[in-house]
Amino acid sequence: EVQLVESGGGLVQAGGSLRLSCAASGFTFGDYAIGWFRQAPGKEREGISCISRRDGSTYHSDSVKGRFTISSDNAKNTVYLQMNSLKAEDTAVYYCAGKLSGALAYDYWGQGTQVTVSS
């Protein structure tokens, strides 16, 4: 059974950094992607980054490009989101999610971790 567990959230001042981790288990096939999403109060869930297990390709949304970097440690089955130059508008619950390559949606979700950036 697929399980995703996020960690690393917390409170940080604007301009600071945090590193989120997503520990994945239960993926027996390598043909999947891990994405990072966030949802702030009063806003829709936003996809901000993803990485392909298949070829290592990455994506970052315009809102975080240049500040956030997704990476993976395949030996540890862990995906990271390094967040630098944090802004107050980055405050949200951050989720990691898993998607099989042929799926239309992310079917596996972690529990979320709170990131709060003080201005």
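In what follows, the structure referred to is the one given above.
Residues numbered from 1 in each chain as written. Predicted model: local features only at pLDDT ≥ 70, side-chain atom pairs only at ≥ 80, totals over all residues. Heavy atoms only, no water.

## Observations regarding the overall build of the protein
For clarity, the threshold we go by: Starting at the N terminus, helices and strands are each numbered in turn, a helix being any DSSP run of H or I of at least four residues and a strand any DSSP run of E of at least two. C-alpha atoms define the radius of gyration in this analysis, and the globule rule sets the expected value at 2.2 Å times the number of residues to the power 0.38. For the exposure calls, accessible area comes from a 1.4 Å probe over protein chains only, and a residue counts as buried if that area is under 20% of its type's maximum, exposed if over 50%, partly exposed in between. Working rule for contacts: check all heavy atoms of both residues, and any pair within 4.5 Å makes them a contact. Working definition of accessibility: Shrake-Rupley area with a 1.4 Å probe, residue cover restricted to the visible protein chains. Neither His nor the chain ends is counted toward charge; the positive residues are Lys and Arg and the negative residues Asp and Glu. A single reference atom marks each charge: NZ on Lys, CZ on Arg, CG on Asp, CD on Glu.
Each helix and strand in the protein was counted, giving 0 helices and 11 strands. In the protein, the succession of α and β elements from N to C terminus is β-β-β-β-β-β-β-β-β-β-β. The C-alpha radius of gyration of the protein comes to 14 Å, within 12% of the 14 Å expected for a compact globule of 119 residues. When the backbone C-alpha atoms are referred to their principal axes, the protein occupies close to 40 × 25 × 25 Å. Per-residue burial for the protein yields a buried fraction of 42% across its 119 residues. If you take every contact in the protein between residues at least 6 apart in sequence, the share linking residues at least 24 apart comes to 52%. For the protein, the accessible area works out to roughly 6400 Å², and carbon and sulfur atoms hold 48% of it. Both charge centroids of the protein, one from 11 positive and one from 11 negative side chains, sit 5 Å from each other.

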